[in-house]
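# Chains, contacts and geometry: an overview
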Amino acid sequence: MLLGAGCAGTTTTTNTTEVVPPPAAEPTAEVKGRAVFSVKNSEEALKDVTSVKLTVDQVEAHSTTTGWVTISTTGKIYDLVQLKNSGSVQLLADAKLDPGTYDQLRLSISQVEVTADGETRSATLPSNSLKIIGDFTVTADQTSVAALDFKLGKSLRLT
């Protein structure tokens, strides 16, 4: 009642400026997820093989929505026999990627050296690349980890 009586009285007009806050800024980039890839070898090499050094120059990931994405261009050498003997895992790539499912990983390999019976020779890798097919999911604001196990005993053939 009191409110109704107060509004029924004299009307006064005043000029006021309403301060309206600016709209919230639209995010300019999608939040990414962290993807960590490592290399290991869980199998013995062939008899008399004492070293298999793999030089990886580039790592790329593929998704059906974004295509191929380069995740590392840092050249690294991995001795797969040493990884087996030490039981260790070595970092391949650590990158921020768009969230989603990636279905392939491609390693550009410039050199493979095999030491057997005390002699080091270059090995042949067709197309100088190694493509690994399998799903890998990256989630925004989370870390996804995958270890590539070379299983040297099944991967290497001496001729």
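One can find the structure itself at the top, above this paragraph.
Now for a description of the structure that goes with this document. Quick caveat: nothing in here was measured; it's all calculated off a predicted structure.

With that out of the way, let us pick up the nonpolar core. A general tendency of soluble globular proteins is for nonpolar side chains to be buried together. By size, the foremost hydrophobic cluster in this structure holds 32 residues, and its most contacted members are Phe37, Val52, Val56, Ile71, Leu80, Leu92 and Leu107. Looking at this core, the elements with two or more residues in it are β1 (33–40), β2 (49–63), α2 (80–86), β5 (90–97), β6 (100–116), β8 (129–138) and β9 (143–149). Broken down by element, the residue count for this core peaks at seven residues, all from β6. Residue contacts for Ile71: discarding those within four places in its chain leaves Phe37, Val59, Glu60, Ala61, Ala93, Ala95, Leu97 and Leu105.

Pairing geometry for β2 and β6, over 12 bridges, is antiparallel. Looking at β6, one finds that Ala61 is bridged to Leu105. Here β6 pairs with β8 via eight bridges, running antiparallel. Note on β8: the bridge partner recorded for Tyr102 is Phe136. By the bridge criterion, four bridges tie β6 to strand β7 (residues 119–122) in an arrangement that is antiparallel. Within β7, the residue paired with Thr115 across the bridge is Thr120. Where β6 folds back onto β7 in an antiparallel hairpin, the turn is made up of two residues, including Asp117, whose phi is positive at roughly 55 degrees.

All right, on to the side chain of Asn41 then. When you line up the elements, Asn41 lands in the loop between β1 and β2. A polar contact of 2.9 Å, which involves the side chain of Asn41, links it to the backbone oxygen of Glu43. In this structure, Asn41 is in contact with Leu80, Leu83, Lys84, Asp149, Phe150, Lys151 and Leu152, ignoring residues within four places of it in sequence.

Here we come to the pattern of salt bridges. Inspection of the entire model under this criterion finds four salt bridges. The salt bridge involving Lys32 is made with Asp98; its shortest N-O contact spans 2.7 Å. In this pair, Lys32 sits in the loop between α1 (2–7) and β1 while Asp98 sits in the loop between β5 and β6, placing the two residues 66 residues apart along the sequence. Across the pair Glu119 and Arg121 runs a salt bridge whose closest N-O atoms are separated by 2.8 Å. Judged by its relative accessible area of 41%, Glu119 falls in the partly exposed class.

Right, let's talk about the environment of Trp68 for a bit. Of note, Trp68 is situated in strand β3 (residues 67–72). Assessed through its relative accessible area of 30%, Trp68 is described here as partly exposed. Sequence separation between Trp68 and Tyr102 is 34 residues, and the spatial gap between their C-alpha atoms is 9.3 Å. Setting aside its immediate chain neighbours within four residues, Trp68 contacts Glu60, Ala61, His62, Gln104, Leu105, Arg106 and Lys131.

Rules and cut-offs
Here the residue numbers are simple positions, counted from 1 along each chain's written sequence. Confidence filtering applies because this is a predicted model: local features only for residues at pLDDT of at least 70, side-chain atom pairs given and counted only at 80 or more, and all residues used for totals across whole chains, interfaces and linings. To obtain the side-chain values, all non-hydrogen atoms of the structure were included, while hydrogens and water were left out. What we call a nonpolar core is a set of buried Ala, Val, Leu, Ile, Met, Phe, Trp, Tyr and Cys residues that are connected through their side-chain atoms within 4.5 Å. Only protein chains enter the accessibility calculation, which uses a 1.4 Å probe; a residue whose area is less than 20% of its type maximum is buried, one above 50% is exposed, and one in between is partly exposed. Under the DSSP-based scheme used, a helix requires at least four consecutive residues in state H or I and a strand at least two consecutive residues in state E, with every element numbered from the N terminus. Whether two residues are in contact is decided by their heavy atoms: any pair within 4.5 Å suffices. Any two strands are treated as partners once DSSP identifies two or more bridges connecting them. Counted as a polar contact is a pair of N or O atoms within 3.5 Å, where, for protein atoms, one must be capable of donating a hydrogen and the other of accepting one, and residues adjacent in sequence contribute only when both atoms are in side chains. In what follows, salt bridge is the name for a side-chain nitrogen of Lys or Arg lying within 4 Å of a carboxyl oxygen of Asp or Glu.

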